[in-house]
Amino acid sequence: MSLPRRTLGTAAPLTVSALGLGCMGMSEFYGTPDEQGGIDTIHRALDLGVTFLDTADMYGPFTNEQLVGKAIAASSHSRDDVQLATKFGNERLPDGTRVGVNGRPEYVRAACDASLARLGVDHIDLYYQHRVDKTVPIEETVGAMKELVEAGKVRFLGLSEASAETVRRAHAVHPITALQTEYSLFTRDLEDELLPVLRELGIGLVPYSPLGRGILTGAVTAETLAQGDSRSTAYFPRFQGENLDANLALVARVRELAASKGATAGQLALAWVLAQGDDVVPIPGTKRVRYLEENVAAADVTLTAEELEELTAAVPREAVAGERYGDMSTIDG
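Residues numbered from 1 in each chain as written. Predicted model: local features only at pLDDT ≥ 70, side-chain atom pairs only at ≥ 80, totals over all residues. Heavy atoms only, no water.

*Asks:* Can you help me understand the pairing of strand β5 (residues 83–88) in this one?
*Replies:* Where a strand is regular, its side chains alternate between the two sheet faces. Burial runs high along β5: six of the six residues are buried. Both faces of β5 are covered, namely the face carrying Q83, A85 and K87 and the face carrying L84, T86 and F88. Pairing geometry for strand β4 (residues 52–54) and β5, over three bridges, is parallel. Across the sheet, L53 pairs through a bridge with L84, a residue of β5. What joins β4 to β5 is helix α2 (residues 63–73), and the crossover it makes is right-handed. Note that β5 and strand β8 (residues 124–129) share four bridges and pair parallel. Counterpart to F88 in the pairing with β8 is Q129. (Buried < 20%, exposed > 50% of the residue type's maximum accessible area, 1.4 Å probe, protein only. Helix = DSSP H or I, 4+ residues; strand = E, 2+ residues; numbered from the N terminus. Pairing = 2+ DSSP bridges. Right-handed = clockwise from strand over helix to strand, strands pointing away.)

*Asks:* Explain the layout of surface pockets to me, please; I cannot follow it from the model alone.
*Replies:* Empty space among the atoms becomes apparent when a probe as large as a water molecule is rolled across them. A volume near 340 Å³ is recorded for the second largest pocket. Forming the boundary of the second largest pocket are 17 residues, of which S163, D189, L194, D332 and G333 lie nearest the centre. If you list the elements that add at least two residues to the lining of the second largest pocket, you get α5 (164–173) and β10 (176–182). Looking at the lining of the second largest pocket residue by residue, the class counts come to six nonpolar, three polar and eight charged. (1 Å grid on protein atoms, 1.4 Å probe; cavity = no way out; pocket = protein on both sides within 12 Å on 5 of 7 lines; lining within 4 Å. Points joined across faces, edges and corners; volume = space filled by probe spheres on them. Nonpolar A, V, L, I, M, F, W, Y, C, P; charged D, E, K, R; others polar.)

*Asks:* Is there a simple way to explain the side chain of T41 in this structure?
*Replies:* Within the secondary structure, T41 sits in helix α1 (residues 35–48). Within the local environment of T41, its side chain forms a polar contact with the backbone oxygen of K287, the two atoms lying 3.2 Å apart. Every residue in contact with T41, bar those within four places of it in the chain, is listed here: L21, M26, T286, K287, R288, V289 and L292. (Polar contact = N/O pair within 3.5 Å; in protein donor to acceptor, adjacent residues only side chain to side chain. Contact = heavy atoms within 4.5 Å.)

*Asks:* When you look at the pattern of salt bridges in this model, what are you seeing that I'm missing?
*Replies:* Two side chains bearing opposite charge may form a pair once their charged atoms approach each other closely. Under the defined criterion, the tally for this structure stands at 23 salt bridges. With a shortest N-O distance of 2.8 Å, K70 and E35 are connected by a salt bridge. Residue K70 is located in helix α2, and its partner E35 is located in helix α1; the two are separated by 35 residues in the primary sequence. Judged by its relative accessible area of 41%, E35 falls in the partly exposed class. Its salt-bridge partner being R213, residue E182 comes within 3.0 Å of it at the nearest N-O pair. Linking E182 in strand β10 with R213 in the loop between β11 (204–208) and α7 (241–260), this pair joins segments that are 31 residues apart in sequence. By the burial criterion, E182 is buried, and R213 matches it. Three or more residues joined by partner-sharing salt bridges are found here, namely E161, E182, R213 and R324. (Salt bridge = Lys/Arg side-chain N within 4 Å of Asp/Glu carboxyl O.)

*Asks:* How should the environment of E182 be read in this particular structure?
*Replies:* Residue classification places E182 among the buried positions, given a relative accessible area of 3%. In this structure the C-alpha to C-alpha distance between E182 and E161, which are 21 residues apart in sequence, comes to 7.7 Å. For E182, the contacting residues outside a window of four places in its chain are E161, T187, L190, Y208, S209, R213, R238, R324 and Y325. A distance of 3.0 Å separates a polar atom in the side chain of E182 from a polar atom in the side chain of R213. Among the polar contacts made by the side chain of E182, one reaches the side chain of R324 at a distance of 3.0 Å.

Function cannot be read off these values alone, since they describe shape.
Set out below in structure tokens:
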């Protein structure tokens with residue numbers, strides 16, 4: 001099959017597949033890393049027309065970029081067929097220790113060179129600041145990112161988890177092509193202020209965790225969260241105790257609606273995100289080919305206005321229990 005294409009950004013447009021692939025879980029956070037499974041999944045994604053691959057230097061740390069680079073190099077598809085996105089800013093040591101958020105210009109330049117080496121490519125298609133460094137003016141960070149574009153190392157710029165004000169300031173320095181942030185039936189706060197600003201400025205939206213970190217697939221229970229799965233920790237309150245029970249009750253409603261359309265809960269949840277606009281490109285993550293194929297099939301699920309309304313009403317924003325993160329202090333807002 002061939003996925004439809006969508007364009008992120010208007011001032012600096014990047015055309016990508018309508019669905020991307022989040023590669024993080026292949027190396028860390030969701031149970032045991034699986035390099036070969038990840039490479040197989042990436043190859044299958046490219047065959048299915050999913051050409052927009054998302055990674056970051058801090059995943060692993062560092063090993064996910066190597067995995068993605070290896071997969072691209074071993075693929076039957078041309079490098080030019082892939083839109084490769086990576087991120088800097090969440091600084092970590094090789095042993096996994098978190099140093100903090102770093103947006104200093106000299107770090108931006110060094111991080112980009114290191115990512116290019118690990119990925120084994122001569123340019124990054126979309127380079128995001130992973131988190132906003134509140135100790136460094138955004139103009140300085142984006143100024144350094146702009147230099148990377150001018151040097152030919154990066155094609156387009158993005159931000160992740162940035163506030164509307166930060167996005168405006170960044171966009172004034174250099175056109176921002178996309179903002180990556182969490183967006184799903186379970187996380188809709190960006191609709192109030194951030195999404196209108198993105199559309200005013202012509203910036204695309206790349207939702208990560210469009211399946212609510214898997215909970216919207218209907219496959220997550222307290223028992224299924226494996227050892228080494230970060231969702232089982234207090235860092236993700238929505239997966240803890242009574243919060244999880246309340247959220248699974250919401251997922252049950254999604255499953256009922258999905259069954260009536262002959263789709264899975266995850267496909268219906270992804271179809272909802274896709275229906276939010278042609279400037280929206282979700283990047284569901286998986287390290288398994290069968291889940292990838294299920295996600296890709298969501299592009300064929302069409303929702304009527306009435307079905308969209310019914311689905312939105314089935315998961316009221318205020319009914320979702322728990323914060324996105326146990327520590328929201330690194331989120332710019």
